Amino acid sequence: MRYSYTTVKEISKSQYICWSGFILFNRVATPLIWLISNFSNIKPNQITLCSFAIRLGAAFYFYAGTSMDLLVGAVLYSISTLLDDVDGGLSRLRDMQTTLGAYIDPMLDLVGDYFCITALCLSQFYLTQNNIWLLIGSIILFFNMFIGLENQKMNMLRKNLKSKDKSTNIKNHKTNQKKIASILKWLKVFQKRHHVSVFSIDVSDIRIVIFVIAPIIGYLEQLMILGCGLFVFKFVLDKVQQIIYKDSVLFN
């Protein structure tokens, strides 16, 4: 079965993607999904494993620690992130979404990031003998793992809300719905049009800052500290978001 490019673009995209995916990676992922779906028998889980292997390669170069090695690691991490978009889009397009795939994909991302941040911070610690790198690594590892697991719970909450009858939700949450929807109506319209979760930054965006932008532009310590702050900010926003999702039908 051959898929048109328009079909691939509409079906393969996720309803909740990160800003980095919306701005950059999805523009490259869609053509790749079109090529793979029409001219190969590659399975989504195979792409997931390939993405994980490339991410481990990025960790290897991050551990080497030189400027050129950091640049290579950033490029490899970008490719891994791109393939992570491709496997999800391909599974939606071919209707090959499975419970195993839904579990393996985010878990391999977390494990790959564990190796990347450990390698990056240890290499800088050995080079500078500055203990701040151990602190930065510990903070990022904690929030990256914790928020990654919390995101899975949030996705289930979204699905549960969407599966409920909307008229019942409006009746039960009429006051909250009116107040929130009147303030954030334009956000809802943007989200439906572009399929981007506008209510907060995504953990993938923070990973791009840490593993791609920081190694490339060279302000490694400053941007890693910024990444720590973004993780804390993301954690607070997620808690607010969970409250609003439970008390309104804004995103139904």
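Worth saying up front: this structure is predicted, and the values here are computed from it rather than measured.

### Re the overall build of the chain
Helix and strand counts for the chain come out as 10 helices and zero strands. Mapped in sequence order, the helices and strands of the chain form the string α-α-α-α-α-α-α-α-α-α. Only carbon and sulfur atoms are counted for the fraction: they give 66% of the accessible area of the chain, which is about 13,400 Å².

### A closer look at the nonpolar core
Generally speaking, nonpolar side chains in soluble globular proteins are found buried as a group. Of all hydrophobic cores here, the largest spans 40 residues; its most connected members are F62, I140, I210, F211, M224 and F231. The set of elements that each furnish at least two residues to this core consists of α2 (19–39), α3 (44–64), α4 (67–93), α5 (99–128), α6 (132–163), α9 (203–217) and α10 (220–247). Apart from residues no more than four positions distant in its own chain, F211 is found in contact with F62, A74, Y77, D113, C116, I117 and L120.

### A look at the pattern of salt bridges
In the structure shown here, the tally under the stated rule is three salt bridges. In this structure, D113 and R55 form a salt bridge, with 3.2 Å as the shortest nitrogen-oxygen distance. Taken together, the residues span a long stretch of sequence, with D113 in helix α5 and R55 in helix α3 at a distance of 58 residues. When sorted by exposure, D113 lands in the same class as R55, which is buried. Among the salt bridges present, the one from D113 reaches R207, with a minimum N-O distance of 2.7 Å. Of this pair, D113 sits in helix α5 while R207 is found in helix α9, placing the two residues 94 residues apart along the sequence. Assessed through its relative accessible area of 1%, D113 is described here as buried.

### Details of the packing of aromatic side chains
Scanning the model with the defined rule gives eight aromatic pairs in all. Look at W34 and F39: their rings are 5.6 Å apart centre to centre, the planes differ by 75°, and that puts the pair in the edge-to-face class. Taking relative accessible area as the criterion, W34 reaches 26% and is therefore assigned partly exposed. Their ring planes at 55° and their centres at 5.8 Å tell us that F125 and Y126 sit as a pair that is tilted. You can call F125 buried: its relative accessible area is 15%. By relative accessible area, Y126 is classed as partly exposed at 47%.

### Remarks on a nonpolar patch on the surface
Together, M68, L71, V75, I79, I213, I216, I217 and Y219 give the surface a local cluster of nonpolar side chains, amounting to about 720 Å² of exposed area. Mapped onto the nonpolar patch, the elements with two or more residues apiece are α4 and α9. With four residues, the single largest contributor to the nonpolar patch is α4. Structurally, I217 is set in helix α9. On the basis of relative accessibility, which here comes to 47%, the residue I217 falls in the partly exposed class.

### Some words on the confidence of the model for the chain
One rule of thumb: low pLDDT means the predicted coordinates there are not for detailed reading. The predicted model of the chain has a mean per-residue pLDDT of 78, with 71% of residues at 70 or higher. Per-element confidence in the chain is highest for α3, whose mean pLDDT is 94, and lowest for helix α7 (residues 166–172), whose mean pLDDT is 45. Under a pLDDT of 50 for its full length, residues 165–174 has, in the predicted model, 10 contacts with residues more than four places off or in other chains. Overall, residues 247–252 carries pLDDT values under 50, and its contacts beyond four positions in sequence, including any with other chains, amount to 23 contacts.

### Brief notes about the packing of α3 against α4
In the contact formed by α3 and α4, the axes pass within 8 Å of each other and the chain directions differ by 165°. Between α3 and α4, the interaxial angle falls into the category roughly antiparallel. In the packing of α3 onto α4, the handedness of the crossing is left-handed. Of the residues assigned to the contact of α3 with α4, the class counts are 17 nonpolar, seven polar and four charged.

### A look at the environment of L71
Here L71 is to be found in helix α4. A relative accessible area of 33% places L71 in the partly exposed class. Measuring from C-alpha to C-alpha, the distance between L71 and I216 comes to 5.5 Å, with 145 residues separating the pair along the chain.

### Quick notes on α4
For α4, spanning 27 residues, the distance from its first C-alpha to its last is 39 Å, which sits close to the expected 39 Å at 1.5 Å a residue. A positive phi of about 55° marks D95, the residue just after α4.

### Remarks on α2
Here α2 is 21 residues long and its end C-alpha atoms lie 29 Å apart, about the 30 Å a rise of 1.5 Å per residue gives. Those residues of α2 not exposed but buried are S20, G21, F25, N26, A29, T30, I33, I36, S37 and N38.

About the criteria used
Residues numbered from 1 in each chain as written. Predicted model: local features only at pLDDT ≥ 70, side-chain atom pairs only at ≥ 80, totals over all residues. Heavy atoms only, no water. Helix = DSSP H or I, 4+ residues; strand = E, 2+ residues; numbered from the N terminus. Areas by Shrake-Rupley, 256 points an atom, 1.4 Å probe, with all protein chains shown as cover. Core = buried A, V, L, I, M, F, W, Y, C linked by side-chain atoms within 4.5 Å. Buried < 20%, exposed > 50% of the residue type's maximum accessible area, 1.4 Å probe, protein only. Contact = heavy atoms within 4.5 Å. Salt bridge = Lys/Arg side-chain N within 4 Å of Asp/Glu carboxyl O. Phe/Tyr/Trp six-rings, centres within 6.5 Å; stacked < 30°, edge-to-face > 60°. Patch = residues over 30% accessible without salt bridge, like charges linked within 9 Å, V, L, I, M, F, W, Y side chains within 5 Å. pLDDT = per-residue confidence, 0-100. Axes fitted to C-alpha atoms, helices over the stretch in contact; angles between N-to-C directions. Parallel < 35°, antiparallel > 145°, perpendicular 65-115°, else oblique. Left-handed = near helix turned anticlockwise from the far one by under 90°. Nonpolar A, V, L, I, M, F, W, Y, C, P; charged D, E, K, R; others polar. Expected span 1.5 Å × (residues − 1).

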